[in-house]
Amino acid sequence: MKPAVVRPANGSSVLPPDGEAQSKVGMSTASRESHANVTNPHDTVTFSLSSTAVVPLVPESVSMPSDPADSLPSVAETPKFTLLDRDHSILSFNERVLDWAHRPEVPLIERLRYLCIVSSNLDEFFEVRAAPHLIAGSADDHKGTYTVESFRRLAEAVHTLVARQYALYNDELMPTFGTHGIHIISHGERNPAQRKWVAEYFEREVRPLLLPVGLDPSHPFPQVANKSLNFIVRLGGKDAFGRENPIQIVKVPRVLPRLIKMPAKVSDGKTLFVALSSVVRAHLSSMFTGREVGDFSQFRVTRHSDLAVDEEDVKNLRTALRQGLQHRHFGQAVRLEVSASCAESLASFLLEQFNLPPEALYRVHGPVNLARFTQLADLLDEPKLRFKPYQASYPITLSPAQSFFERLQRGDVLIHQPFESFEGVLAFLREAVHDPQVLAIKQTIYRTGADSELMELLREAVRRGKEVTVVVELKARFDEEANINWAEMLESIGAQVVYGVVGLKTHAKMLLVTRREGKQMRRYGHLSTGNYNPRTARLYTDISHLTADPLLTADMEAVFVHLASQSKLPKLNRVWLAPFDLHSNIRAQIATLAAAAERGEPTRIVAKMNALTDEELVAALVNAGQKGVKIDLIVRGACTLPAQVPGLTDNIRVRSVIGRFLEHSRVFYFRHGEDESLYLSSADWMNRNMMRRIELAWPVTDPVLRQRLIDECLVAYLHDGRDAWDLGADGVYTRIDHDTHPGEAGASRAIEAHGAQAALMNRYAARGPRDVASGE
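Residues numbered from 1 in each chain as written. Predicted model: local features only at pLDDT ≥ 70, side-chain atom pairs only at ≥ 80, totals over all residues. Heavy atoms only, no water.

**Looking at the sheet that holds strand β7 (residues 292-303)**
So the rule is basically this: When DSSP finds two or more bridges between two strands, those strands count as paired. Per the convention used, a helix needs a DSSP run of H or I reaching at least four residues, while a strand needs a run of E reaching at least two, with both numbered from the N terminus.
With respect to topology, six strands assemble into an open sheet ordered β2-β4-β3-β7-β8-β9, the strand pairing being mixed. The open sheet has two edge strands with one neighbour each: β2 (213-214) and β9 (361-364). Where strand β3 (residues 230-236) lies against strand β4 (residues 247-251), five bridges are found, and the strand directions are antiparallel. Across the sheet, residue arginine 234 finds its bridge partner in β4, namely isoleucine 247.

Shown next as C-alpha cells:
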C-alpha cells in the first residue's frame, strides 16, 4: 500500500520518503476532501511535518514473518541502556500539568482546576504506586526494584511537588482570587456578623454529625477512612470520670461540603466562602465542655486502594469485588497529611498509629484535602474566569438526518473527540436500538459513569426484544462499584452479562450491531481508543471508528465469542489482540523497519500513546533507532525510554503534550519506503496492557481517513509550539514555547501560537454548536 498523499500547503511536491527534506507539509488533498463541508478561515491552519518527523505512516503490506518472534532482535543485538524510572516519570507528568496552573494567560478558575487535578492525581499515585516503596523503606531493603533509597528519592520528589502546589495556592491563586472579590476567609478574618452566621451553620449542619472519640484502653484509635478529613485534639484537664485521656479524634463526614458560600447579607458585596475545616476548627472548644483545647490539627491519611482479588479462587467475581470495596477505604496507610503548624508530638503520635515513617508525613500550608477545592470552581458563577465554553461539532462526515447504516455502507467514519461530539456514537446506538431490523447488540463496558444514557439505551434494547450481550469489566480501577451496579441492572432485565476472561481486564472498546438486511445478516461496528463515557468524551481526546467492513466486524464478532465462551480464538483478519499477538506484532513491525533501515532503506515510526513502560518494546525501539529508523513518540505520561542520548537514542524523540483536554488517543504509524500503515488502539505500550488485558489494535485502511489521522493526531502534535514538552538526554522535560522547525516552508503559525489542541478546536468550531443541538 502506498502512502496517502501529503501535499504542502503551497501545492509543491510531496515530502520525500527519507524525511530529510527541509520542508513542512500541510493538510493533504485527501484530508481536505474529508473536510469539504467545513468552510471556515481556520481550515487554512497548516498541520506540518518536521524535517526529522516525516509522517507519511506500516502497512498491512509490509511483509510479516509467519512467526513474529523470528524477526525480533536478540538480547545481544539490543544496546545496553538504563530505563528511566517509571514513578518519577509519573511525577514529572504531574509537574507538566501543574505548569498550566502557573500560566497567567489561563483563566483563574481553570488554573485552580489544574492545581486540584494534580492533587487528585497524587492521591491516586499514593493509592496505587506508593506501597511497594513504603514497604521497602520500612524494611530497610537495599536490593531489588523497590529499596529504601527508591522510597527516599520518591518521597523527596513528592515533597518538592507538594510544596510547589501550596506555594502557588497561597502566594498566587488565592491573592488573585482576592482581586476579583473572591475570598476563602479564616476565623480570624471574619467580622462579628460573619462569625455569627458560621456559628449558626455549625450548630445546624455540622455539630449533629460530629462525634469526638476520646482515646483510652476501651476506646482505641478509630478507623479513619481513606482521604477523609479528621482532626486530632490534645485536651487539658480531666474527663467526666476524672481521667486525663488527652487525645481526641474528630472524624468529619464526607457528606458535608468542603466549602460553604456565605450569604450576601454578611458578605459585604464580595463573594465569600468558608472552608469546612475552618468551621470545625473555630468551634472545637464548644465540643469539649469543661476541657481546655491545647494543640490540634486537621489530618488526612491516604491508603493503598488497589483491589486485589484472586480470580482463580473465587466462585463469583462480582460478589468478591463488592466485598472488597467495603474494605478499600481502610487499606494500608501510605501517606499522612497534617497542617503545617501541627505539633511534633501529635504528628509523631499519628505516624505511630498508622505505622508510617517520617518521610510519609506531609505538612501542608493550607487544606489537607486540596483536591476537594474543585468545589470552589463549581460554586463560582464567573464566566470571565473560565475557559470559553467549547461546544463540539456534530461529526463532520455524518448527517443527523441520514441513517448510520446507509452511511456506513458507503465507507467508514472517524469521530475525533472532543472536537467532534460523542453524540455521534450515541446516535449510532440509538438508531440500532430503535431499528426493528437490528437483532443483536454486543458491547464492552470499561468506564461509562454512574449516570449513562448509553446504558439506558442498552436497557431499552433488551425491552424491545433484541439480544444484548455486555462484557462488563468489573475491575476497572475506582469504577468497580458503578460497573457492578450496571451489571446487576442489565442481568435483572435479561441481558447476557459476562465479565471477560479470568485473570485479564477487558480494556478493549467495541460495540457491534447485527442487522437483518433482506436475506442476509450484516454487521456494523464501533471501535474506540477511549471509553463509553459521555462525560469524559467531552474532556479526553479519542478516536471513534465506525465501520461496516466485513473483515473488521468479523474480527469483532470473534473476539466477543471468545470473551463470552472462552473458546479458542480463530485467526483474525485485521485486528491485533492482546494478550495473544498485539505485543509480538508491534515488536515485529519495529523489527521489520529496523532491518530495512539497516539496509539503508527509508523508515519511520510515529506512535502516540498515554504511557510507554514495556521493557521489550522500549528495547525494540532503541534497537531500531540504532539501526537508523527515525522515531517520534508522543507520550502523554510515563515514559521509561531515554530519548536523545548521544550514541544511543539519537534517532528517537519523545514529546509530551499537555493541553486543555487530556490526551488519550493511541495512534501507531509505521512506514517502510512508500508502504505505510496506521493502527488505532485501546492499548498503551505497557506490560499490563500487552500481557494482562484484552486490548485491540486495528488498521485504518481508507487513505482519506488515514491521512486525516496523520494530520490531526500526529503532524499537529509534532509541531506544537505551545503545549509540548520534549524529553532530553538528562531525563528532564523542557517545555517548547515555539515551533521547533520555524524555518521550514509552510510552518504553522497557528500551532506555534496556540498549540495543536487549540488549532483543532478552531478548525471544528466553525460548524457551530447548533449542529449537535438541532442536527442542522
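Once the structure has been displayed, the description carries forward.
**Description of the nonpolar core**
For the record, the criterion: Buried Ala, Val, Leu, Ile, Met, Phe, Trp, Tyr and Cys residues form a nonpolar core when they are joined through side-chain atoms within 4.5 Å. Type-normalised accessible area, obtained with a 1.4 Å probe on protein chains alone, sets the label of each residue: buried when under 20%, exposed when over 50%, and partly exposed for intermediate values. In what follows, residue pairs with any heavy atoms lying within 4.5 Å of each other are defined as contacts.
If you look at the biggest cluster of nonpolar residues, it comprises 134 residues, and the most contacted ones within it are Phe299, Phe354, Leu612, Leu633, Leu641, Val654 and Trp685. With sequence-adjacent residues up to four places away left out, tryptophan 685 is seen in contact with Ile586, Ile590, Ala607, Met609, Ala611, Leu612, Thr613, Asp614, Leu617, Leu621, Phe668 and Met690. Counting residues in hydrophobic clusters, the runner-up holds 50 residues, among them Leu512, Leu527, Val575 and Leu760.

**Thoughts on the pairing of strand β12 (residues 467-472)**
Buried residues dominate β12, accounting for five of its six residues. The pairing of strand β11 (residues 438-445) with β12 spans six bridges and is classified as parallel. Counterpart to glutamine 443 in the pairing with β12 is valine 470. Note: β12 against strand β13 (residues 496-498), three bridges, orientation parallel. Across the sheet, residue valine 470 finds its bridge partner in β13, namely valine 497.

**Brief notes about the environment of asparagine 531**
With respect to the helices, strands and loops of the structure, asparagine 531 is situated in the loop between β16 (520-528) and β17 (540-547). For asparagine 531 and alanine 508, which are 23 residues apart along the polypeptide, the C-alpha to C-alpha distance reads 8.9 Å.

**Notes on the packing of aromatic side chains**
Which entries qualify depends on this criterion: Pairing of aromatic rings covers Phe, Tyr and Trp, the last counted by its six-membered ring, and requires centre-to-centre distances within 6.5 Å; plane angles under 30 degrees mean stacked, over 60 mean edge-to-face, and any other angle means tilted. In this scheme, Lys NZ or Arg CZ marks a charge over a ring once it lies within 6 Å of the ring centre and within 35 degrees of the ring normal.
Counted according to the given criterion, the structure contains 17 aromatic pairs. What links up through ring pairs into an aromatic cluster is the set Phe221, Phe299, Phe349 and Phe354. Between the NZ or CZ atom of arginine 103 and the centre of the ring of tryptophan 100, over which it lies, the distance is 4.3 Å.

**Quick word on the pattern of salt bridges**
Inclusion rule: A pairing counts as a salt bridge when a side-chain nitrogen of Lys or Arg comes within 4 Å of a carboxyl oxygen of Asp or Glu.
One pass over the full model with this rule turns up 42 salt bridges. Residues glutamate 105 and arginine 722 are paired through a salt bridge, measuring 2.9 Å at the closest nitrogen-oxygen approach. Within this pair, whereas glutamate 105 is found in the loop between α2 (86-102) and α3 (108-129), its partner arginine 722 is found in the loop between α19 (703-718) and β26 (724-727), the two being separated by 617 residues in sequence. Classification of arginine 722 as partly exposed rests on a relative accessible area of 28%. In this structure, glutamate 203 and arginine 207 form a salt bridge, with 2.9 Å as the shortest nitrogen-oxygen distance. By relative accessible area, which is 26% here, arginine 207 ends up partly exposed. When salt bridges with common partners are traced through the structure, they connect Asp99, Arg103, Asp723 and Arg735 into a single cluster.

**Things to note about the sheet that holds strand β1 (residues 182-184)**
To keep it simple, the criterion reads: Axes, fitted as lines to C-alpha atoms, cover a helix only where it is in contact. Angles between the N-to-C directions of the axes lie from 0 to 180 degrees.
Strand order in this open sheet of three strands is β1-β6-β5, and the pairing throughout is mixed. Two strands in the sheet have a free side with no partner beyond their single neighbour: β1 and β5 (259-261). The mean inter-strand angle of the sheet, taken between neighbouring strand axes irrespective of direction, is 25 degrees.

**Section: the packing of helix α12 (residues 423-434) against helix α13 (residues 453-463)**
Threshold: Each angle receives one of four descriptions, namely roughly parallel if under 35 degrees, roughly antiparallel if over 145, roughly perpendicular if within 65 to 115, and oblique otherwise. By the convention adopted, Pro, Cys, Tyr, Trp, Phe, Met, Ile, Leu, Val and Ala count as nonpolar, Lys, Arg, Asp and Glu as charged, and the other residues, Gly among them, as polar.
Packing of α12 against α13 brings their axes to within 9 Å, and their N-to-C directions diverge by 10 degrees. Between α12 and α13, the angle is such that the two are roughly parallel. From α12, Leu426, Leu429, Arg430 and Val433 reach across to α13, where they touch Glu453, Leu454, Leu457, Leu458, Glu460 and Ala461. A class-by-class count of the residues in the contact of α12 with α13 yields seven nonpolar, no polar and three charged.

**Looking at unusual backbone geometry**
Note: most peptide bonds trans; most residues except glycine with negative phi. Residue glutamine 417 is joined to proline 418 through a cis peptide bond whose omega torsion reads 0 degrees. Of note, the amide linkage connecting alanine 578 to proline 579 takes the cis form, showing an omega dihedral of 10 degrees. Of note, proline 579 is situated in the loop between β18 (576-578) and α16 (582-598). Of note in the backbone geometry, aspartate 140 takes a positive phi value of approximately 55 degrees without being a glycine. Its location among the elements puts aspartate 140 in the loop between α4 (131-138) and α5 (148-179). For aspartate 140, a relative accessible area of 46% gives the class partly exposed. Positive phi, close to 65 degrees, is recorded for lysine 227, a residue that is not glycine. Looking at the element boundaries, lysine 227 is found in the loop between β2 and β3.

**A word on the confidence of the model for the protein chain**
Formally: As a per-residue quantity, pLDDT reports the predictor's confidence and falls between 0 and 100.
For the protein chain, the average pLDDT comes to 83, and 80% of its residues sit at 70 or higher. Long-range and interchain partners of residues 307-318, a stretch whose pLDDT sits below 50, account for 24 contacts in this model, where long-range means more than four residues apart.

**Regarding the environment of isoleucine 135**
Positionally, isoleucine 135 belongs in helix α4. A residue is classified by how much of its surface remains accessible, and isoleucine 135, at 48% relative accessible area, is partly exposed. Along the chain, isoleucine 135 and leucine 356 lie 221 residues apart, while their C-alpha atoms are 9.7 Å from each other.

**Things to note about the packing of α2 against α3**
Geometrically, a packed helix pair is captured by the angle between its two axes and the distance between the axes. To keep it simple, the criterion reads: Here a crossing is called left-handed whenever its near helix is offset anticlockwise from the far helix by less than a right angle, and right-handed whenever the offset is clockwise.
Packing of α2 against α3 brings their axes to within 7 Å, and their N-to-C directions diverge by 165 degrees. The angle between α2 and α3 falls in the class roughly antiparallel. Crossing angle aside, the handedness with which α2 passes α3 is left-handed. On α3, the residues touching Arg86, Asp87, Ile90, Leu91, Phe93, Asn94, Val97, Leu98, Trp100, Ala101 and His102 of α2 are Arg111, Tyr114, Leu115, Ile117, Val118, Asn121, Leu122, Phe125 and Arg129. The residue makeup of the contact of α2 with α3, split by class, is 13 nonpolar, three polar and four charged.

**Brief notes about the pairing of strand β24 (residues 675-681)**
Regular strands show a simple pattern: their side chains alternate between the two faces of the sheet. Summarising burial for β24: six of the seven residues are buried, a large majority. Relative to β24, strand β23 (residues 666-672) runs antiparallel, the two sharing seven bridges. Note that in β24 the partner of valine 667 across the bridge is leucine 680. What sits between β23 and β24 in their antiparallel hairpin is a turn of two residues, with glycine 673 showing a positive phi close to 60 degrees. Inspection of the sheet shows β24 paired to strand β25 (residues 693-699) by three bridges, in the antiparallel sense. Each bridged residue has a counterpart across the sheet, and for serine 681 the counterpart in β25 is alanine 697.

**Here we look at α5**
Let me state the cut-off plainly: Each residue after the first adds 1.5 Å to the expected span of a helix. Bend is computed residue by residue as the angle between axes fitted to the seven residues ending at the residue and the seven residues starting at it.
Its 32 residues place the ends of α5 46 Å apart at the C-alpha level, agreeing with the 46 Å of an ideal helix rising 1.5 Å per residue. Remark: the principal bend of α5, roughly 40 degrees, maps to tyrosine 169. Glycine 181 sits one or two positions beyond α5 and adopts a positive phi of about 75 degrees.

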